[in-house]
Amino acid sequence: MLTQCDLFLFAGQSNMAGRGVCTARWPQGAPACTPGAGYEYRAVSDPDCLHPLAEPFGADENDPAGIFEPGKKTGSLVAAFVNACYAQTGVPVVGVSASKGGAPIAVWQGRGDLLSDALRRLERARRFLAGQGTTVRHCFALWCQGETDGDLATPPQAYRAAFLAMLGQLLQAGVEMCFLITIGAYNGPAGYDYAPIRQVQLEMAAQDPNLCLVCDDLHTMRGRGLMKDAYHYYQQAYNEVGTAAGTAAGAWIRGH
């Protein structure tokens, strides 16, 4: 029986959901999860048990009334994150998948939208773990989102206001800290500029004590050839970012 855990809500859009693939040039696959390090709570598809965490994380967690993208999750940063976090804390992670591609911050406002679904999933996880006698030591969110807002040219101040409104609801739901992975760069013909969204994310993390930057590496991947299309990355990039973010988050947790 799992006696204690740190509960994580993995939330955002497609680069949290995971679109990782391998090629001859970039053959690295998703890592296996360290035994005992991580478990997936499937709030939608199998809410009565825990599964050892494995990639593609969250692939079965599709609710037609909420977060729904069947067949799109191919490999994420979550297993790498969990391995690195566990190496720092020694405490297992229970992960809840709550991410969907193409999702602007406007649909993360708790108005019967994706945030509403994510919070329901988190509460189901809490109830399940309590019923199993598992102590939730800490509850966190890991957030990676903003590419669609770059496409839409969402004004940075509007993004800030909407993000902070979302963050407030996460905190009300018992999330102790939101760890942040900033967005990367656009890699397609339309010429979208993601720098303003990334910049406001960096500013919020520097100013808000409830938001902790754990990785700002995605914007370097285009120059390294690690983007597989206009928006997404080869699995190696997700592995690198997950490892960096998990190491930083685990160090933060250990220090608090």
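If you're wondering where the values come from, they're calculated on a predicted model, not measured in any experiment.

Right, let's get into the nonpolar core. Judged by nonpolar contacts, the single largest core of 42 residues is most densely connected at Leu9, Trp108, Trp143 and Phe163. At the level of secondary structure, the elements contributing two or more residues to this core comprise strand 1 (4-12), strand 4 (93-99), helix 3 (114-131), strand 5 (135-144), helix 5 (156-172), strand 6 (177-181) and helix 6 (195-207). Ranked by residue count, the leading element in this core is helix 3, at seven residues. With residues near it in sequence (within four places) discarded, Trp108 still touches Ala11, Gly12, Ile67, Ala98, Ala103, Asp113, Leu114, Leu115, Ala118, Trp143 and Met166. Ranked by size, the runner-up nonpolar core spans 36 residues in total, among them Leu53, Phe140, Tyr233 and Ile253.

Attention shifts here to the packing of helix 2 (residues 78-89) against helix 7 (residues 235-255). Where helix 2 contacts helix 7, the two axes come as close as 7 Å, and the packing angle between them is 30°. Relative to helix 7, helix 2 is oriented roughly parallel. Both helix 2 and helix 7 take part in a crossing whose hand is right-handed. Taken together, the residues of helix 7 that come into contact with helix 2 (itself represented by Ala80, Phe81, Ala84, Cys85, Gln88 and Thr89) are Asn239, Gly242, Thr243, Ala245, Gly246, Thr247, Ala249, Gly250, Ala251, Ile253 and Arg254. Of the residues assigned to the contact of helix 2 with helix 7, the class counts are eight nonpolar, eight polar and one charged.

Glancing now at the sheet that holds strand 3 (residues 50-52). Two orientations exist for strands paired in a sheet by backbone hydrogen bonds: parallel and antiparallel. Taken in spatial order, the seven strands line up as 3-2-4-1-5-6-7 in an open sheet, and their pairing is mixed. The two strands at the open ends of the sheet, each matched to only one other strand, are strand 3 and strand 7 (211-215). The average angle at which neighbouring strand axes cross in this sheet is 30°, direction not considered. As defined by bridge partners, strand 2 (residues 38-41) adjoins strand 3 across three bridges and the pair is classed as antiparallel. Each residue of the ladder has a partner; that of Tyr39, found in strand 3, is Pro52. Packed onto the sheet, helix 2 meets strand 1, strand 2, strand 4 and strand 5 and runs at close to 145° relative to strand 1.

About the thresholds
- Residues numbered from 1 in each chain as written.
- Predicted model: local features only at pLDDT ≥ 70, side-chain atom pairs only at ≥ 80, totals over all residues.
- Heavy atoms only, no water.
- Core = buried A, V, L, I, M, F, W, Y, C linked by side-chain atoms within 4.5 Å.
- Buried < 20%, exposed > 50% of the residue type's maximum accessible area, 1.4 Å probe, protein only.
- Helix = DSSP H or I, 4+ residues; strand = E, 2+ residues; numbered from the N terminus.
- Contact = heavy atoms within 4.5 Å.
- Axes fitted to C-alpha atoms, helices over the stretch in contact; angles between N-to-C directions.
- Parallel < 35°, antiparallel > 145°, perpendicular 65-115°, else oblique.
- Left-handed = near helix turned anticlockwise from the far one by under 90°.
- Nonpolar A, V, L, I, M, F, W, Y, C, P; charged D, E, K, R; others polar.
- Pairing = 2+ DSSP bridges.

Function-wise, these values are silent; they only describe arrangement.
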